[in-house]
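# Geometric and topological summary
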There are 2 protein chains.
Amino acid sequence: MLIEPMEAAYSPLYAQIKAILVDRIASGQWKPGELIPNEFLLASEFNVSQGTVRKALIALEAEKLIDRQQGRGTYVARHTSETSLFHFFRMVGLDDRRVTPSSRVISQKLCVASKEIAQALDVELGTRLHCITRVRDMRELPAIFERIYVPQALMPSLEIRPGATMVDEMYVIYQEHFGVTIAHASERLGAVSATREQARLLSIEDGAPLLEITRIGRNVTKKPVEFRVSRCRTDVFRYATEIT
Amino acid sequence: MLIEPMEAAYSPLYAQIKAILVDRIASGQWKPGELIPNEFLLASEFNVSQGTVRKALIALEAEKLIDRQQGRGTYVARHTSETSLFHFFRMVGLDDRRVTPSSRVISQKLCVASKEIAQALDVELGTRLHCITRVRDMRELPAIFERIYVPQALMPSLEIRPGATMVDEMYVIYQEHFGVTIAHASERLGAVSATREQARLLSIEDGAPLLEITRIGRNVTKKPVEFRVSRCRTDVFRYATEIT
DNA sequence: GAGTGGTCTAGACCACGGT
DNA sequence: CCGTGGTCTAGACCACTCG
């Protein structure tokens, strides 16, 4: 019996607890990598039983917002190059084995949101955005041509050295430098023909078919934060997904 | 304390219960659509508490093997055109709205498993397969060219009338006629150029880029049952996936 | 051994779908 | 009204990590 507002739509206790915990993570009160109080402490704080807190925590773990480790404790999820790639990067070789990309930044510019991007990011038309163009190599091959758009307001000092080879994932940078955690993403896939520029950068024939992935990245509160378009060679790589 | 074999790897009670229930579904002892015993009955059958059974049932529901309905009971999941499409068919319009395909069968033949297909279906090279070729229309447009391979041994009398417009999903047919339930699938996506035949059937230009989806469909025990290659127009449709 | 999350139990009560 | 699944509690014990 946490809250009992008149006329309230019914919501189970564990869902209310969960919402409170999400808020603590979203607001930065609990930061990525931080150890949060154990189940009994949370239970006594909210005056509920440990089992109820547990149910909220299990739900948060399923959403990958926290990381529970038996014997150690519960931590706020943190992006690492590893986990970020494993979670958000779906390309595999024809042998079905995961590949690790590295990236070369072609350019970083400021631009304004087009109609499509403004709608995707839920911002005003003309909002100022960072626009990063890069090529990602996989197994020594140039494989992905990528444009990334993020609102300048969210990450004022975002600065990627053009030409530098990047090991770190963008999502690690967002989180560690700007406190922005990408927790969910929507992807739309289609097939397109390579433009002349893309063909040159990817060492393929002009007009060759490319897999185009359009992604909207969202933070823990599901607000859109990043828009990205990736054009991938699929002569030696595939996009992998499981339906369960 | 269900089983306690010497040297056994530790496995929680609810996982053992779950395995038993999966087996009852896989073996056909409980058939799709059937009402299964309630939580207390199962609990007393296995001599565990209701909460333990519940945990197994919740896991099965997450895997979409059963359908739990408050106030009514728990049913073995059944494919319907609706649920099958909603679960396995990922194409959406550019407006992000779901589309419902209909299909025209071009041909049905018998063939033998190539190396690639034999490996995918985990059968011997040369195993006899049904091979169905069809075109799927979406919003009055020919949109997908598709080849489906299933072992003849699994579905001896599979017979689709060429030319007939199909409303029913293949997966509904597999389940209702042959007791084969597709419960999981792996998909690999890439971009390819349309062959002349495909271009003609899809009313697009020769060599136009198509999204190629290679799917391995698996039954409830995760054994591969169907191999399918779909080539999709993505000028007005997209493949949609969420990363959560 | 102390502390954490994971499992399991037993029982109470609630919300929902039918009769 | 009954029977179902859904929530919540309180407490016991198990498995893992670390000092």
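Details of the structure are given in the entry above.
Let me sum up the structure you'll find in this document. Predicted, not measured: the structure shown is a model, and the values here were computed from it.

Reading guide: rules and limits
- Residues numbered from 1 in each chain as written.
- Chains lettered and ligands numbered in written order.
- Predicted model: local features only at pLDDT ≥ 70, side-chain atom pairs only at ≥ 80, totals over all residues.
- Heavy atoms only, no water.
- Near = heavy atom within 4 Å.
- Polar contact = N/O pair within 3.5 Å; in protein donor to acceptor, adjacent residues only side chain to side chain.
- Helix = DSSP H or I, 4+ residues; strand = E, 2+ residues; numbered from the N terminus.
- Nonpolar A, V, L, I, M, F, W, Y, C, P; charged D, E, K, R; others polar.
- Contact = heavy atoms within 4.5 Å.
- Salt bridge = Lys/Arg side-chain N within 4 Å of Asp/Glu carboxyl O.
- Buried < 20%, exposed > 50% of the residue type's maximum accessible area, 1.4 Å probe, protein only.
- Disulfide = S-S within 2.5 Å.
- Axes fitted to C-alpha atoms, helices over the stretch in contact; angles between N-to-C directions.
- Parallel < 35°, antiparallel > 145°, perpendicular 65-115°, else oblique.
- Left-handed = near helix turned anticlockwise from the far one by under 90°.
- Expected span 1.5 Å × (residues − 1).
- Least-squares fit on C-alpha atoms with pLDDT ≥ 70 in both.
- Arc of directions from axis to C-beta.
- Pairing = 2+ DSSP bridges.
- Buried area = accessible area lost by both parts, 1.4 Å probe.

On to the protein's contact with DNA strand D, then. DNA strand D sits among 22 residues. The nearest are L13(A), T52(A), R72(A), N38(B) and R68(B). For DNA strand D, the backbone makes up 76% of the atoms found within 4 Å of the protein, where backbone means sugar plus phosphate. Within the backbone of L13(A), a nitrogen or oxygen atom sits 2.2 Å from a phosphate oxygen of DNA strand D. Contact distances for DNA strand D include 2.7 Å between a phosphate oxygen and a side-chain N or O atom of N38(B). Contributions of two or more residues to the surface near DNA strand D are made by α1 (13–26) and α3 (50–62) of chain A together with β2 (66–69) and β3 (73–76) of chain B. Within the surface near DNA strand D, the residues separate by chemical class into 6 nonpolar, 10 polar and 6 charged.

So, on to the environment of S193(B). Its location among the elements puts S193(B) in strand β9 (residues 184–193). Here the alpha-carbon distance between S193(B) and P209(B), two residues 16 residues apart in the chain, equals 4.6 Å. Apart from residues no more than four positions distant in its own chain, S193(B) is found in contact with P209(A), Q198(B), G207(B), A208(B) and R231(B).

Now for the pattern of salt bridges. As enumerated under the stated definition, the model contains 40 salt bridges over all chains in all. Of the charged contacts in the structure, one is a salt bridge between D95(A) and R139(A), with a shortest N-O distance of 3.5 Å. Within this pair, whereas D95(A) is found in the loop between β4 (91–93) and β5 (101–112), its partner R139(A) is found in the loop between β6 (128–138) and β7 (141–151), the two being separated by 44 residues in sequence. A relative accessible area of 39% means that D95(A) is categorised as partly exposed. Judged by its relative accessible area of 40%, R139(A) is partly exposed. The closest approach of N and O atoms between E39(B) and R68(B), which form a salt bridge, is 2.8 Å. A residue pair is termed long-range when its members are at least 10 positions apart, and E39(B) in helix α2 (residues 39–46) and R68(B) in strand β2 qualify at 29 residues.

With the rule as written, the count across this model stands at 0 disulfides over all chains. Looking at C111(A), it has no disulfide partner, and the nearest cysteine sulfur is the one in C131(A), 4.7 Å off. Classification of C111(A) by relative accessible area gives partly exposed; the value is 23%. Free cysteine C232(B): the closest other cysteine sulfur is in C232(A), separated by 17 Å. Residue classification places C232(B) among the buried residues on the basis of a relative accessible area of 1%.

Quick look at the packing of helix α1 (residues 13–26) of chain B against helix α3 (residues 50–62) of chain B now. Residues and elements named next belong to chain B. As a packed pair, α1 and α3 sit with axes 8 Å apart at the nearest point and diverge in direction by 55°. Of the possible angle classes, the one that applies to α1 and α3 is oblique. Where α1 crosses over α3, the handedness of that crossing is right-handed. The segment α1 lies against α3, with L13, Y14, I17, K18, L21 and V22 engaging T52, K55, A56, L57, A59 and L60. Partitioned by chemical class, the residues of the contact of α1 with α3 number 9 nonpolar, 1 polar and 2 charged.

Here we take up α1(A). Residues and elements named next belong to chain A. Its 14 residues place the ends of α1 20 Å apart at the C-alpha level, agreeing with the 20 Å of an ideal helix rising 1.5 Å per residue. Here α1 has its buried residues at Q16, I17, L21, V22, R24 and I25. Contact partners of the buried residues in α1: α2 (39–46), α3, β2 (66–69) and β3 (73–76). Taken from the residues just after α1, G28 is the one with a positive phi, measuring 90°.

The next thing to look at is the protein's contact with DNA strand C. Taken together, 22 residues lie around DNA strand C, and R54(A), R68(A), L13(B), T52(B) and R72(B) are the ones closest in. One nitrogen or oxygen atom from the side chain of R54(A) is found 2.7 Å from a base nitrogen belonging to DNA strand C. Between DNA strand C and K55(B), the relevant distance is 2.8 Å, taken from a phosphate oxygen to a side-chain nitrogen or oxygen of the residue. Taken together, the residues of the surface near DNA strand C sort by class into 6 nonpolar, 10 polar and 6 charged.

Here chain A sits on chain B after a turn of 180° about the axis and a move of 0.0 Å along it, with an RMSD of 0.1 Å. In the structure described here, the two chain copies are related by an operation that fits a two-fold rotation axis. A symmetric contact is evident, with 100% of the interface residues of chain A recurring at the interface of chain B.

This next bit is on α3(B). Residues and elements named next belong to chain B. Relative to the 18 Å expected for 13 residues at 1.5 Å per residue, α3 spans 18 Å between its end C-alpha atoms, a close match to the ideal helical length. Considered for burial, the residues of α3 that qualify are T52, V53, A56, L57 and L60. Along the long axis of α3, the arc covered by the buried residues comes to 135°, so they all point the same way. Buried residues in α3 make contact with α1, β1 (35–36), α2 and β2. Looking at the residues trailing α3, positive phi occurs at K64, about 65°.

Further remarks concern the pairing of strand β11 (residues 224–232) of chain A. Residues and elements named next belong to chain A. The element β11 is extensively covered by neighbouring structure, given that 8 of its 9 residues are classed as buried. Bridge count for strand β10 (residues 209–218) against β11 is 8 bridges, and the pairing is antiparallel. Along β11, the bridge assignment pairs G217 with E226.

Our next topic: the interface of chain A and chain B. Each side of the interface is counted separately: chain A has 30 residues, and chain B has 30 residues. Both sides of the chain A and chain B interface together cover about 2,700 Å² of buried area, and 49% of this is carbon and sulfur. The interface formed by chain A and chain B contains 6 salt bridges. Between R238(A) and E212(B) there is a salt bridge; the shortest N-O distance is 3.3 Å. There are 18 residue pairs in polar contact (both at pLDDT 80 or more) connecting chain A and chain B. Ranked by residue count, the leading element in the side of chain A that touches chain B is strand β9 (residues 184–193) of chain A, at 10 residues. Across the side of chain A that touches chain B, the residue classes tally to 13 nonpolar, 9 polar and 8 charged.

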